[in-house]
Amino acid sequence: MGEYVLLCILFAPFAGALGLIFVSNRQPLLVRGIAAGSAFISLIASIYLFYAYDPVKGGFQFIQKIEWSRQLGISLHLGVDGIGTPLVLASTILLFAGIFVSWHIKDRTKEFYIWLLILAAATIGVFMSLDLFFLYFFYEMSVIPMYLLLGMWGSHTKKYLEMTDTEGMKLRDSVGFIFNFGSNSKEYAAMKLVLFLSAFAVVALMGILLIYKYSGLNTFDILVLREHAQLMNIPVLGTTLDKIIWILVFFGFASIAPLWPMHSWSPVGHAAAPAATSMLHAGVLMKLGHFSIIRVAFEILPETTRELMPIAAVLCMFSIIYGGFVAFYAKDTKYVIGYSSSSHMGYVFLGMAALNYISLSGAVIYMFAHAMATGMLFAMAGWVYDQTHTRDIPSLGGLSNKMPFISACFIVACMASIGMPGTVNFIAEIMIVVGSWNKYPLQVIVAMLGIVLTLAYLFKMMRGLFYGPMNQKYGHAHDAISTVDRLPLLIMISVSIGFGIFPMHLYDVVRSGVDPLIVKITEVVPVARSGDGAGPPSAVGPSEPMVTTPVVASEILPTPVLTSHGVSE
Amino acid sequence: MIFSLNLSFSDLLLLLPEIFLTCWLCVVLIVDFVSPRLPKEQLAYLSVAGLAITLGCLAWFDVNHISGALFGNMFVLDRMAIFFKVFILGATILVILSSVEYVNRFTLFRGEYYVLVVMSALGMMFMASANDLLSVFVSLEFSTLGFYVLVSYLRDDLASNEAGLKFFILGVFAAGLFAYGISLVYGETGQLVFSEMSSAQATPGLIIGFLLIFAALGFKIGAVPFHSWIPDTYHGAPTPVTAFLSIAPKGAALVILLRIFLVALASFKPVWVYLLVAVSIVSMTYGNIVAIAQRNIKRLLAYSGIAQIGNVLIGLAAGTKMGSDAILFYLLAYLFANLGAFAVVIAVSQAIGKDEIEDYRGLNRRSPFLAFAMLLFLLSLAGVPPLAGFIGKLYIFVAAIKEGLYTLITVGLINIVISLYYYLIVVKQMYINEPIDPSPIRISSPMKTVIYVGLAGTLVIGIYPQPFTDWVVEATLMFSNFVTPSATAIPSTIHVGS
């Protein structure tokens, strides 16, 4: 492996998708085997990458450069830094887990795995691109598989299914259905997602093209551009060029994050998507936004970032609060998780906006942590939906009798989502909060409120799904018993708790990516380098096992006892 | 102007592809006449063989850098002419292959169909080489003549007859404009050869003359406001003819536009850039917005074609060497995606007999291969990575942004999103909706070949564009410093070998 590890991670899923084309749908086991195999190769390679990445050396490692178009100045330039590495790892974990989560898909299995693998590979491609062109290339490439995954294997909401009149059907197939905001069909969700993301992607593309033109270097290479591009102080339209580019890039990419006024595609999309797609979507696809902002705006326009990042600090408050309240009142499991994701992504923006070592590292770790937590939640919401064919919380209840394993895992996932000590989310949250306090105290208070809201809506949903009187209609529902069904949840739980207890390597890796950025942006040299800088998490470390142990043990404990325990905490 | 008619053997070499194809055309006609019992597929393969040999000959020219000019610069064979000839021949081969099955729908003159297609191709090959307004006019009319017949080939179909009539009337009108334009330009400059016009003064007569010529060529490529024939003609014509019409004449007209704008009118760039920007913006926006409302797949592709031409004109408006590279590259991407999409339309209409978008319901269940191919072709037309159309669009935008055409690029980018919507409507029908009649669709083997070629082109150009960008960059070397008009003069001696 060694230096080709990035190519291996990136192309294993592509190769898997290519191989699947030649397999017949009549051999479902072979289809799943190929998908799982290619995801496994990718996963192993990315674990290797994560541990082989040298945080002391820092910078971009495992660089691959393949010339692609001389005329346009494009090369397939791959490389990861401390920010990309954990996100690549998160993508491959979620892909691998997602393949097992969707093990029971019967309809057009082969096509499902092809698009899922392409989606994941495109996402991974963004996280390792060092070329603006390929960053956009993979970014845009991830959108279309989403359309097909949502449209072909997605599910309608309850409200939509009640609209069965022919007139309504006709309306939904018509041209005007894009404007028909009342409908919550999967087609609507898929189309909205694609159009939203593409519309904002071309905004970002405009920014990228302006960078290309005004740098005058005839290259899209980020490493060259960040050293040599002179984009400052060019007056355009009453302001300066760098500000225009920054705004285009920021809002273009923030839409997928999704930042508050541009978030509306996201919960609808989550709700319609099949479980594995929601996992990848919420787990990693949304992080493309933050990551691309860091890679493009932070790297190439550091001074403008310092000047304009307060925009994010303002908007993230709305993200957190709005998402939290909608999630609290939502009646649909996937809407709750979807809005909670968009609310939690506000924390990442807060961490990014504060622009210091602790908060930005916290933001990056939060992206990783949130991928695991939300992946678990979506996997389980998907399981419940598969068993009951409804996502309507009020009509469900008491499922813990039928599915004790799922409900135990659900508690763990809720804990992780809330940021319980012992999970990696806690470390991330505390870093964001501590890091941002000096600069944005108001936002930190809002974020705290958001955590309380998270607790409220997740527990409300947990109670609605798993406790209380059981709806006898769902008596046939059963638990995840086989290894295949349990494996993805166990993987995500162990990653979440594992890094919660031993965050050192993750922290070092992230710091090595964050430090040079912050130096560039704020021109403040870090006081404590990695050894000493690991202070906050290690200080937290010893207290964790005590808290964590009951959570792990909860898997075997009878559930009702545990809930009262969990709520009181 | 002196016409020298004493052609040497090496002069004839430059004309070899055309001469060979003319002879082959006669052979096809004679074979059809002599053995009327011969299955018409054989005629198709015979025509394809002739076209393929011609293609091989042109490839040999291209590799050996054979170039030159004939008849007092009326006919030039430069790298760009070779590129467009290859382009036209490639399109013709694919069209003939995709009509093998379709031809059985014609009640009469099945053999002549292939002859007419090859004849139009021959006319367009001359257009690619035309370097003089007169030869442009003659070759343009020559190629259009074949199309007039082809469009109304479904004799008993009212729509086809209507399409033919519309195309004919507007086509003749455009020819009239063109001839009038030529006379004005000749009257003002005393020149017909493009490269000798560059020193002309901007007199009203010259401006009107070129506007008329632009209108006539705009008719050929179907740019707004000269597009009115496109939807009806595309809809009514036999689908393989629509496919042919949607790609080859556009290529042939674009080579003339390139020669006119970048050679003859190079010094007027600050003026014509506004014209092209306006036409481009209107074409893109109109084409895409009207395409949303279409119910018929051929009409949808017709309007999307109008929008695509708007995109191509962005490259022309850039008016640089890079802009023309981008146009050539874009056309390559468009060739595979568009012909592929039409091939799928033909295959589906062979099975279902209709081509409404509604008929594509559940195509994924009926024929996963066709649905997948259509998906990729439509996405390539929309410009989604990693397909050829994306690189083509990006190439054009990069060329335009270097010239600072920000408005144009902004409109172009917005249009990508609009176009994505209606392409996805088709995708939705194919993939998301369930079929009413789930019987599988059978595809004939020539059709499969066309679709495979389309898929290969769309994917290979999208994933590894380097050889293709190299090719287009060499093809437009003549524009490399067009700003100084003298540099575009074409060498009058023939260079064989390099």
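Treat the numbers as computed from the prediction; the structure is a model and nothing was measured. (Residues numbered from 1 in each chain as written. Chains lettered and ligands numbered in written order. Predicted model: local features only at pLDDT ≥ 70, side-chain atom pairs only at ≥ 80, totals over all residues. Heavy atoms only, no water.)

1. Observations concerning the overall build of chain A
Note the threshold: For helices the rule is a DSSP run of H or I covering at least 4 residues; for strands it is a run of E covering at least 2, with both sets numbered from the N terminus onward. Burial classification: accessible surface area is computed with a 1.4 Å probe over protein chains only, and a residue below 20% of its type maximum counts as buried, one above 50% as exposed, and the rest as partly exposed. In this description, contact between two residues means that some pair of their heavy atoms is separated by no more than 4.5 Å.
Counting its secondary structure elements, chain A contains 27 helices and four strands. By the burial criterion, 68% of the 569 residues in chain A qualify as buried. Within chain A, counting contacts between residues at least 6 apart in sequence, those at least 24 apart form 82% of the total.

2. Some thoughts on the packing of helix 15 (residues 368-382) of chain B against helix 17 (residues 406-432) of chain B
Residue and element names in this part refer to chain B. Applicable threshold: Think of each axis as a best-fit line through the C-alpha atoms, taken over the contacting stretch in the case of a helix, with angles from 0 to 180 degrees between the N-to-C directions. Comment on the angle field: the value is read as roughly parallel under 35 degrees, roughly antiparallel over 145, roughly perpendicular from 65 to 115, and oblique elsewhere. In this classification, Asp, Glu, Lys and Arg are treated as charged, Ala, Val, Leu, Ile, Met, Phe, Trp, Tyr, Cys and Pro as nonpolar, and every other residue, Gly included, as polar.
Following both chains from N to C, one finds helix 15 and helix 17 inclined at 175°, their axes separated by 9 Å at the closest point. Relative to helix 17, the element helix 15 is oriented roughly antiparallel. Across the interface between the two elements, Ala371, Phe372, Met374, Leu375, Leu378, Leu379, Leu381 and Ala382 from helix 15 touch Ile416, Ser419, Leu420, Tyr423, Leu424, Val426, Val427, Met430 and Tyr431 from helix 17. Of the residues belonging to the contact of helix 15 with helix 17, the class tally is 16 nonpolar, one polar and no charged.

3. A few points about the layout of surface pockets
Just so we agree on the cut-off: Only protein atoms enter the calculation, which uses a 1 Å grid: trapped sets of points that fit a 1.4 Å probe without letting it out are cavities, open sets showing protein on both sides within 12 Å along at least five of seven lines are pockets, and any residue with an atom within 4 Å of a point is a lining residue. Grid points are joined across faces, edges and corners, and a volume is the space filled by probe spheres set on the points.
Approximately 1500 Å³ is the volume found for the largest pocket. In this structure, the largest pocket is lined by 45 residues; those nearest its centre are A:Leu18, A:Ile21, A:Ile118, B:Phe372 and B:Leu459. Broken down by secondary-structure element, the contributors of at least two residues to the lining of the largest pocket are helix 1 (5-21), strand 1 (61-69), helix 4 (109-128), helix 5 (132-141) and helix 6 (143-153) of chain A together with helix 14 (363-366), helix 15 and helix 18 (445-463) of chain B. Its residues placed into classes, the lining of the largest pocket shows 36 nonpolar, three polar and six charged. Considered as a void within the structure, the second largest pocket measures approximately 620 Å³ in volume.

4. Here we look at the packing of helix 6 (residues 158-189) of chain B against helix 7 (residues 204-221) of chain B
All names here are of chain B. As a reminder, the rule being used: Should the near helix be turned anticlockwise from the far one by less than a right angle, the crossing is termed left-handed; should it be turned clockwise, right-handed.
Viewed as axis vectors pointing N to C, helix 6 and helix 7 meet at an angle of 155°, and their least axial separation amounts to 7 Å. In terms of axis orientation, helix 6 runs roughly antiparallel to helix 7. At the point where helix 6 passes helix 7, the crossing takes the left-handed sense. Here the residues of the contact of helix 6 with helix 7 are counted per class, giving 18 nonpolar, five polar and one charged.

5. Notes on the packing of aromatic side chains
Residues and elements named next belong to chain A. Inclusion rule: Under the pairing criterion, centres of Phe, Tyr and Trp rings, with the six-membered ring standing for Trp, must be within 6.5 Å; the plane angle then separates stacked pairs below 30 degrees from edge-to-face pairs above 60, leaving the rest tilted. Charge-over-ring placement is defined geometrically: NZ (Lys) or CZ (Arg) within 6 Å of the ring centre, and within 35 degrees of the ring normal.
For the structure shown, the criterion picks out 61 aromatic pairs over all chains. Here the aromatic rings of Phe133 and Phe134 are separated by 5.2 Å at their centres, their planes lie at 90°, and the arrangement is edge-to-face. Each member of the pair, Phe133 as well as Phe134, is classed as buried. Lying over the aromatic face of Tyr214, Lys213 brings its terminal NZ or CZ to 5.6 Å of the ring centre.

6. As for the pairing of strand 1 of chain A
Residue and element names in this part refer to chain A. Put simply, the rule reads: DSSP calls a pair of strands paired once it identifies at least 2 bridges connecting them.
Two elements, strand 1 and strand 2 (residues 74-80), share six bridges in a ladder whose sense is antiparallel. By the bridge assignment, Lys65 is partnered in strand 2 with His77. Between the antiparallel neighbours strand 1 and strand 2 lie four residues, among them Gly73 with a positive phi of about 70°.

7. Focus: the pairing of strand 2 of chain A
In terms of burial, strand 2 of chain A is a largely internal element, seven of the seven residues being buried. Because side chains alternate across strand 2 of chain A, one face comprises the buried residues A:Ile74, A:Leu76, A:Leu78 and A:Val80, and the other comprises A:Ser75, A:His77 and A:Gly79, equally buried.

8. Notes on the interface of chain B and chain A
Our working rule: Basic side-chain nitrogens of Lys or Arg form a salt bridge, by our definition, when they fall within 4 Å of a carboxyl oxygen of Asp or Glu.
The interface is formed by 46 residues belonging to chain B together with 43 residues belonging to chain A. Summed over the shared surface of chain B and chain A, the result is three salt bridges. In this structure, A:Arg70 engages B:Asp470 in a salt bridge whose closest nitrogen and oxygen atoms are separated by 3.0 Å. Contributions of two or more residues to the side of chain B that touches chain A are made by helix 14, helix 15, helix 16 (388-402), helix 17, helix 18 and helix 19 (466-475) of chain B. The greatest single-element share of the side of chain B that touches chain A, amounting to 13 residues, is contributed by helix 17 of chain B.

9. Some details on the pattern of salt bridges
By the definition in use, this model includes 26 salt bridges over all chains. Connected via shared salt-bridge partners are A:Asp107, A:Arg108, B:Arg365 and B:Glu434.

10. What to know about the confidence of the model for chain A
Residues and elements named next belong to chain A. Applied cut-off: Per-residue confidence from the prediction method is given by pLDDT, with values spanning 0 to 100.
Confidence along chain A averages 81 in pLDDT terms, with 87% of residues attaining 70 or more. Below pLDDT 50 for its whole length, residues 163-167 participates in two contacts with residues either more than four positions away or in separate chains. Low confidence marks residues 529-569, where pLDDT is under 50. Its contacts with residues over four positions away, or in another chain, come to 45 contacts.

11. Here's the deal with unusual backbone geometry
Cis geometry marks the peptide bond from A:Ala257 to A:Pro258; its omega dihedral reads -15°. If you trace the backbone, A:Pro258 turns up in the loop between helix 11 (241-254) and helix 12 (265-272). Put simply, B:Val224 and B:Pro225 share a cis peptide bond, and its omega is 10°. Following the sequence through the fold, B:Pro225 ends up in the loop between helix 7 and helix 8 (230-236).

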